[in-house]
Amino acid sequence: MNCIVCVASVPDTATVIKIGADGTSIDETSIKWIISPYDEYALEEALQLTEAKGGEVTVVTFGPAHAEATLRECLARGAHQAVHIVNGATSLGDSFTIAKVLAAAIKDRPHDLILCGFKGVGTDNGQVGQMLAELLDRPHVANVTQLEVGEGSLTAGREVEGGQEVVESPLPALVTCQKGLNEPRYAALKGIMAAKRKPVEKVEVASLGVEEGADPFYAVRAVALPPAKEAGTIIQGEDDPAGAAAQLVKLLREGAKAI
Amino acid sequence: MAGILVFVERRDSEIRAASLQAVSEARRLAAGPGWPVAAVLAGDGVAGAASSLGGYGAQKVYLADDSNLKTYSAEGYAAAVVKAVEQAQPSAIFFAGTAMGRDLAPRVAARIRVGALADVVELTLEGETLVARRPVYSGKALATVDTAGKSPQVISLRPNVFAADEAGGSAEVVNLDGLSPTIRAVVKELKDTGGGELDVAEADIIVSGGRGIKGPENFALIRELADAVGGAVGASRAVVDAGWIEHKHQVGQTGKVVSPSLYIAAGISGAIQHLAGMSSSKVIVAINKDPDAPIFKVADYGVVGDLFDVIPPMVEEIKKLS
Ligand SMILES: Cc1cc2nc3c(=O)[nH]c(=O)nc-3n(C[C@H](O)[C@H](O)[C@H](O)COP(=O)(O)OP(=O)(O)OC[C@H]3O[C@@H](n4cnc5c(N)ncnc54)[C@H](O)[C@@H]3O)c2cc1C
Ligand SMILES: Nc1ncnc2c1ncn2[C@@H]1O[C@H](COP(=O)(O)O)[C@@H](O)[C@H]1O
């Protein structure tokens, strides 16, 4: 059971976003980079599968130099191999280019299952997994909260509005992982020490037949902070909660026409 | 050829609201250059649902009525959409940003070797180029993006942001035959985990409870208010992690991203990850006893007070309205 896990390195979710000088990116100085939270579920699932069934977990990332830290974290948690496709520029996620690069890097590596996050936190696209599956001609199940892998096939539960779809698919396949699938582990000290000795394979984008930035599928014209919201109408309700409640309902009914 | 093709989704025999919103937006955008608007509908025995689409602005409905398409599969439905794309040759393909649309759009895009814009909240047309706004970094920033000159432009529209309005009109139905899609990942079962409850992702009004409600039993109070306003029950992650309510109710960065017309947050502090899921709501109401709670910064209306004292009289007042 060989698993490939695609991990993206993203700004910590608590980061205060500042806009970069060019107006088309964010200011990356002093950002703490983390493994995208949904990719942690993907990694954990792959680790549990290979622990139960044997085989190896290979983590792959396409990103700038700092992304190596994310791979080291994955190795520390137990991944067997790490592949860093080195990308000079950071971007807000040209999903199709990323998928093309990942597809080229993955296609000749043995795999029964490819695992991605349900979305990359930051780009908030939720696209790379499905695109990668299509480019590799693999079936996929997205937004998975339950997974059972058998001989040559999988059964996955995927969240949809008001319900769950139970999907069966032959292997090799790709899944994108949602919260609820498992509880990601922390790296133990032993793992962190061992990870320092594990190699990270470096791959140049050009060697995958993709020329960086030459043929984009996504153009970011501008990035801005959301317009500041006007201060709301705040009612002090400590002394007369019933009066405040009545006033609020009146405002919602007559002012906002929301109820 | 030009124009906009909209993938429409149905539930049972009804076209879903988010799809009607996407068709309506396509019609509004296409009116400028006089582009045609078409829809593509997939399923088994769904011809009946096609008729309503004309009223929202679709001039043609490509109908993939096929026993292989009875349940949703990305591979099967992608085959249907791609077939419609071959016939309509559109400049853009729209999807409602539902679970299905967000799954299908990138698969279709990759099949026709283009990129895609996800979760778009605003669209304008510049010549033939659709310029889109979409929240990034969990709504902490807004990006203005396009598909870098690639066509067709594949776009998913965030539900409940664009208005659905009827314009009158009727659509010609075009049957898509000979699909014979290869479907490997197959839906075996659709489990109703909603228990008949409205899903937060679809609700027009949401009342959410956080740690301030003190215990799982007090979701009864949140539910009472939700019932009074005809809304769904939402929650912060803190109470989901505490096991007070299921994850499907969670709103936020690791929960659902919602844009209802009214969002009421009770006993929720307004952590950045919670705001990520609800800050695009049209009207936000906060009930919190801490006047400095960050939720008040995004609230249109708020009450500083104890939710246990404020919500019961609110429910009474609302009941008086009807
Ligand atoms: C990677 C990551 C992802 C996350 N994703 C999410 C997510 O998707 N959704 C999410 O919600 N959070 C998410 N969080 C967690 C988030 O950071 C907060 O911890 C969480 O939102 C807090 O929940 P809360 O507001 O219910 O609790 P608290 O922050 O404890 O706030 C409780 C509030 O209730 C008020 N209160 C208490 N008693 C009363 C009373 N009697 N009457 C009125 N008000 C009262 C208090 O003043 C306080 O403001 C995430 C965190 C991380 C790190
Ligand atoms: N640069 C990248 N390198 C490796 N995996 C990625 C990269 N970008 C996205 N992914 C994977 O694709 C998923 C969805 O990302 P996105 O489409 O950007 O929301 C992520 O959770 C990752 O598993």
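As shown above, the structure is provided for reference.
Just so you know, these numbers come straight off a predicted model, no measurement behind them.

(A) Summary view of the overall build of chain A. Helix and strand counts for chain A stand at six helices and 13 strands. Over its C-alpha atoms, taken along the principal directions, chain A stretches across nearly 65 × 45 × 40 Å. Looking at chain A as a whole, 53% of its 259 residues are labelled buried. Of all intrachain contacts in chain A linking residues separated by at least 6 positions in sequence, the fraction that spans at least 24 positions is 71%. When the accessible surface of chain A is summed, it comes to about 11000 Å², and 52% of that surface belongs to carbon and sulfur atoms. Looking at chain A, you have 23 positive and 35 negative side-chain charges, and the mean spots of the two groups are 3 Å apart.

(B) Local environment of the overall build of chain B. For chain B, the count of helices and strands is nine helices and 18 strands. A compact globule built from 322 residues would reach a C-alpha radius of gyration of about 20 Å, and chain B, at 21 Å, matches this within 12%. Seen along its three principal axes, the alpha-carbon backbone of chain B occupies a region of about 60 × 40 × 40 Å. Every one of the 322 residues in chain B was classed for burial, and the buried ones make up 62%. When contacts within chain B are restricted to residue pairs at least 6 apart in sequence, long-range pairs at least 24 apart make up 64% of them. Carbon and sulfur atoms make up 48% of the accessible area of chain B, which totals about 11500 Å². Computed over 31 positive and 37 negative side-chain charges, the separation of the two mean positions in chain B equals 6 Å.

(C) Local environment of the site of ligand 1. Near ligand 1 you find 27 residues, and of these Ser-236, Thr-254, Ser-269, Gln-273 and Asn-288 of chain B are the closest. One chain alone does not account for the residues near ligand 1; they come from chains A and B. At a separation of 2.6 Å, a nitrogen atom of ligand 1 approaches a polar side-chain atom of Thr-254 of chain B. Taking Leu-307 of chain B, its main chain carries an N or O atom lying 2.9 Å from a nitrogen atom of ligand 1.

(D) Representation of the packing of aromatic side chains within the structure. All names here are of chain A. Using the criterion set out here, one finds six aromatic pairs over all chains in the structure. Both rings, one in Tyr-38 and one in Tyr-41, keep their centres 6.3 Å apart while their planes meet at 50 degrees; by these two values the pair is tilted. Here Tyr-38 and its partner Tyr-41 are both found in helix H1 (residues 37-53), three residues apart, which amounts to about one turn of the helix. Overall, the relative accessible area of 0% leaves Tyr-38 in the buried class. Classification of Tyr-41 as buried rests on a relative accessible area of 8%.

(E) Up close: helix H5 (residues 219-229) of chain B. Residues and elements named next belong to chain B. What H5 keeps buried is the set Phe-219, Leu-221, Ile-222, Leu-225, Ala-226 and Val-229. Down the axis of H5, the smallest arc covering the buried residues is 160 degrees, so these residues share one side. For H5, the elements touching its buried residues are strand E14 (205-209), strand E15 (232-235), helix H6 (237-241), strand E16 (262-266) and helix H9 (307-321). One or two steps after H5, the chain reaches Gly-230, where phi turns positive at roughly 70 degrees.

(F) Structural view of the site of ligand 2. All names here are of chain A. Taken together, 18 residues lie around ligand 2, and Cys-6, Asp-39, Gly-120, Gly-126 and Gln-127 are the ones closest in. At 2.4 Å from an oxygen atom of ligand 2 is found a side-chain nitrogen or oxygen belonging to Asp-39. Protein chains shield 96% of the accessible area of ligand 2, which is 480 Å² for the free molecule. Where the shell around ligand 2 is concerned, the elements lending two or more residues are strand E4 (57-63), helix H3 (95-106) and strand E6 (113-117). No other element matches the three residues that E4 contributes to the shell around ligand 2. Classifying every residue of the shell around ligand 2 gives nine nonpolar, seven polar and two charged.

(G) Structural detail: the pattern of salt bridges. Residue and element names in this part refer to chain A. Inspection of the entire model under this criterion finds 35 salt bridges over all chains. With its nearest N and O atoms 2.9 Å apart, the salt bridge here joins Glu-44 to Arg-185. Of the two residues, Glu-44 sits in helix H1 while Arg-185 sits in the loop between strand E10 (173-177) and helix H5 (189-197), which places them 141 residues apart along the sequence. For Arg-185, a relative accessible area of 24% gives the class partly exposed.

(H) Geometry of the packing of H3 of chain A against helix H4 (residues 128-135) of chain A. All names here are of chain A. The interhelical angle for the contact between H3 and H4, taken along N-to-C directions, is 50 degrees, at an axis separation of 9 Å. With respect to each other, H3 and H4 are oriented oblique. Crossing of H3 over H4 shows right-handed handedness. Taking contact as the criterion, the partners of Ser-95, Phe-96, Ile-98, Ala-99, Lys-100, Leu-102, Ala-103 and Ile-106 in H3 are, on H4, Val-128, Met-131, Leu-132 and Leu-135. Across the contact of H3 with H4, the residue classes tally to 10 nonpolar, one polar and one charged.

(I) Highlighting the interface of chain A and chain B. In this complex, chain A contributes 78 residues to the contact, which on the side of chain B involves 88 residues. Both sides together, the interface formed by chain A and chain B hides about 7100 Å², and carbon and sulfur atoms give 56% of it. Along the contact surface separating chain A from chain B lie nine salt bridges. Of the charged contacts in the structure, one is a salt bridge between Lys-229 of chain A and Asp-300 of chain B, with a shortest N-O distance of 3.2 Å. Of all the secondary structure elements, the ones that give two or more residues to the side of chain A that touches chain B are H4, strand E7 (140-149), strand E8 (153-160), strand E9 (163-170), strand E12 (219-224), strand E13 (233-236) and helix H6 (241-255) of chain A. It is H6 of chain A that contributes the most residues to the side of chain A that touches chain B, 11 residues altogether.

Criteria and cut-off values
- Residues numbered from 1 in each chain as written.
- Chains lettered and ligands numbered in written order.
- Predicted model: local features only at pLDDT ≥ 70, side-chain atom pairs only at ≥ 80, totals over all residues.
- Heavy atoms only, no water.
- Helix = DSSP H or I, 4+ residues; strand = E, 2+ residues; numbered from the N terminus.
- Buried < 20%, exposed > 50% of the residue type's maximum accessible area, 1.4 Å probe, protein only.
- Contact = heavy atoms within 4.5 Å.
- Areas by Shrake-Rupley, 256 points an atom, 1.4 Å probe, with all protein chains shown as cover.
- Lys, Arg positive; Asp, Glu negative; His and termini not counted.
- Charge placed at Lys NZ, Arg CZ, Asp CG, Glu CD.
- Rg over C-alpha atoms; globule rule 2.2 N^0.38 Å.
- Near = heavy atom within 4 Å.
- Polar contact = N/O pair within 3.5 Å; in protein donor to acceptor, adjacent residues only side chain to side chain.
- Phe/Tyr/Trp six-rings, centres within 6.5 Å; stacked < 30°, edge-to-face > 60°.
- Arc of directions from axis to C-beta.
- Nonpolar A, V, L, I, M, F, W, Y, C, P; charged D, E, K, R; others polar.
- Salt bridge = Lys/Arg side-chain N within 4 Å of Asp/Glu carboxyl O.
- Axes fitted to C-alpha atoms, helices over the stretch in contact; angles between N-to-C directions.
- Parallel < 35°, antiparallel > 145°, perpendicular 65-115°, else oblique.
- Left-handed = near helix turned anticlockwise from the far one by under 90°.
- Buried area = accessible area lost by both parts, 1.4 Å probe.

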